[in-house]
Amino acid sequence: MNGGHCRVLGARSPALASCSPQKMCSWMLSCCLALQHLAVQASLLCIFHLLLLPTLPEEPPHAQATSELLARSLFACGISTVLQTTLGSRLPLVQIPSFEYLVPAMVLSSHLSLGASMDRNGTAVASTCPTPHCAVAGSWTASLQEVSGAVLISGLVQLALGMSGVGGWAARRCGPMVLAPSFSIIGLSAYKEAAFFCSTNWAVALLLMFLAVTFSQHLGSCRLPFCAWPQARGGSAEPSVPTLRTFSVLLPFAGVCIVCAILSHLRIPWESLDLAVAQLSWANGTFHTPWLRIPYAGEWGWPLLTPRALAVGIAMAIVCSMNSMGCYVLCGRLLRASRLPPHACNRGLCTEGLGSLLAGLLGTPGGTAASIANACVTGLTQAGSRFSVQVSALVCVVLGMSPRLAGLLTRIPLAVHGGVLCVTYAVAVGTGISYFQYADIDSGRNIFIVGFTMFMALLVPRWLSTAPAHLATGWVPLDLLFLSLLMVPVFLTGFLSFFLENTVSGTLEERGLLSDMVLRKAGAGACHPCGERDEASQVYGLPAGLRRLLASSCKAFPCCFLCPGTEEEKEEEEEEGGRAPEEGTTAPGEGMHLLPKPSSGELQPSRRPSEMEMSAWHATA
């Protein structure tokens, strides 16, 4: 997979330049960026729970259960984010229960709410749950434990995918014709949820979108003279940064929430009642939750490992791994980093697996996966910092230990959630479309691959959602496995595009792989393999102290797939002159950015970046 290397250095963002490794972001700037990530993360977590919990049978045992559940999810996401940015892919990625976890969890919970002893045709079948749990089958707690069991299994499968090197192997074989439709569908797949939450009050949602677009696009170059951030090391002040663009999500988010709070205080009705009632019952439980409660495994009972949980857990792991690998590439591209090495992808999946294991043991209904929305915020604001993501992760851990504080997040207006989805996921759609420029889109082969994969990704879930009874194999766990996979558009797009791209014959030019091979033969500029590997080591490599500690362990299986210099990568380097090159690179002088080009309109020649021009989000280990 390509993260968008061989970049035009003249197009670097001023906001990114202000956070270079030599001039580490000040605490104030880092905290503001962390608060922006936390706002988006909190919105997505509320969306996940608001959509999933109503599908569980019966009602929660007590009013504060939902707030405590949200706190546990925040705690697990915070721990997983720290692991991801420190030991995983090392990209500034926030971890959340993504929509790829939501769909399989809803499939399982909806099946449990219908009753474990009846199939879809209404005929009695033998119960598939263990005897000690059959007496409580269908209750809220038992159903939540079974969903948590599926999350636990998904963590084990993701850990196996990373340790075995499968993730890195698949990532190297994804070209532009796989990435383009996948990113586009990732963004488009959220349109139903966005419309659902925006419908509570379109005026509020449109106000947030209007402010975000105005700050990030129309006023993107506006610099406020009073916003000169002090350096973290030294007493001098940096030049003023484009504040409105850097915080083009946080400022609209906070402003709209304040406006809604004022309207509510004045008792002016502004929200749709039919959807607000569900949120009101959720938010009212906040007042009865404790200020401090440290979550621990088994407090709400241990996860139930049933055949149904096993099937859904496998589906969760597959679709979330596909989503996360795409998110790694998306984040690297928006940050103008070098292409994603296999060992970084494998480590990322392993850390996400550990996070999902923790989430399952804590009893949450969703695992941890890379947040597409937070990665898109980086591209929208053109400001990325690994340190700020780690600060937001620590805040998540603190909120996770205080259900009362975590419950305050439930008071975010529903229309704000919809506006956040519209603004962030639109960047994923645009990034996917931008990848078409590297392939020959006029080719009949490529036209068919793109059209067929995207059409089927929208058609199949729509058909199954209206008539799930058509998929009945006679064994409930197998039905749930197929439903959990085929109801996720990202899986259908990724699987079909990967299969067709690697089986249908096509020239390198058609597949978008020709320009990279030309550059490697020329051996010129910043895309020279040695220079690229050096930069990738600085971006994706483990901290120096940890590398020295694990120097001997990296040579043994399975740790060999988690460190650079494995046999796979050595073989790739030896065959660089003759094998099909990686995707997405451009010839010298071509732009490689989703971000704006230099104002002069002239493309600068490719050259090796200096230390001061390295990716702004990279922090010294």
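Summary of the structure given here. (Residues numbered from 1 in each chain as written. Predicted model: local features only at pLDDT ≥ 70, side-chain atom pairs only at ≥ 80, totals over all residues. Heavy atoms only, no water.)

Across its full length, the protein chain holds 27 helices and 2 strands. Evaluated residue by residue, the protein chain yields a buried proportion of 59% over its 621 residues. Restricting to contacts in the protein chain with at least 6 residues of sequence separation, those with at least 24 account for 88%. (Helix = DSSP H or I, 4+ residues; strand = E, 2+ residues; numbered from the N terminus. Buried < 20%, exposed > 50% of the residue type's maximum accessible area, 1.4 Å probe, protein only. Contact = heavy atoms within 4.5 Å.)

Our next topic: the packing of aromatic side chains. Within this structure, the stated rule accounts for 8 aromatic pairs. Each ring, one from tyrosine 435 and one from tyrosine 438, has its centre 5.9 Å from the other, and the planes form 75 degrees; the classification is edge-to-face. Considered together, tyrosine 435 and tyrosine 438 belong to a single accessibility category, that of buried residues. Each ring, one from phenylalanine 495 and one from phenylalanine 499, has its centre 6.5 Å from the other, and the planes form 15 degrees; the classification is stacked. Of this pair, phenylalanine 495 and phenylalanine 499 both sit in helix H22 (residues 489-503), separated by 4 residues, roughly a single helical turn. We classify phenylalanine 495 as partly exposed; its relative accessible area is 47%. Here the aromatic cluster, defined as three or more aromatic residues joined through ring pairs, consists of Phe183, Tyr435 and Tyr438. Cation over ring: arginine 333 sits above tyrosine 435, and NZ or CZ is 4.6 Å from the ring centre. (Phe/Tyr/Trp six-rings, centres within 6.5 Å; stacked < 30°, edge-to-face > 60°. Lys NZ or Arg CZ within 6 Å of the ring centre and 35° of its normal.)

The next thing to look at is the state of the cysteines. Two cysteines form a disulfide when their sulfur atoms are joined by a covalent bond. This model, assessed by the stated rule, comprises 0 disulfides. Sulfur of cysteine 260: no disulfide; nearest cysteine sulfur belongs to cysteine 257 and is 6.5 Å away. Using a relative accessible area of 2% as the deciding quantity, one classes cysteine 260 as buried. (Disulfide = S-S within 2.5 Å.)

What follows covers helix H9 (residues 191-198). Burial in H9 covers these residues: Glu193, Ala194, Phe197 and Cys198. Projection of H9 onto a plane perpendicular to its axis shows the buried side chains occupying an angular sector of 130 degrees, all on one side. (Arc of directions from axis to C-beta.)

Bear in mind that shape data such as this cannot, by itself, settle questions of function.
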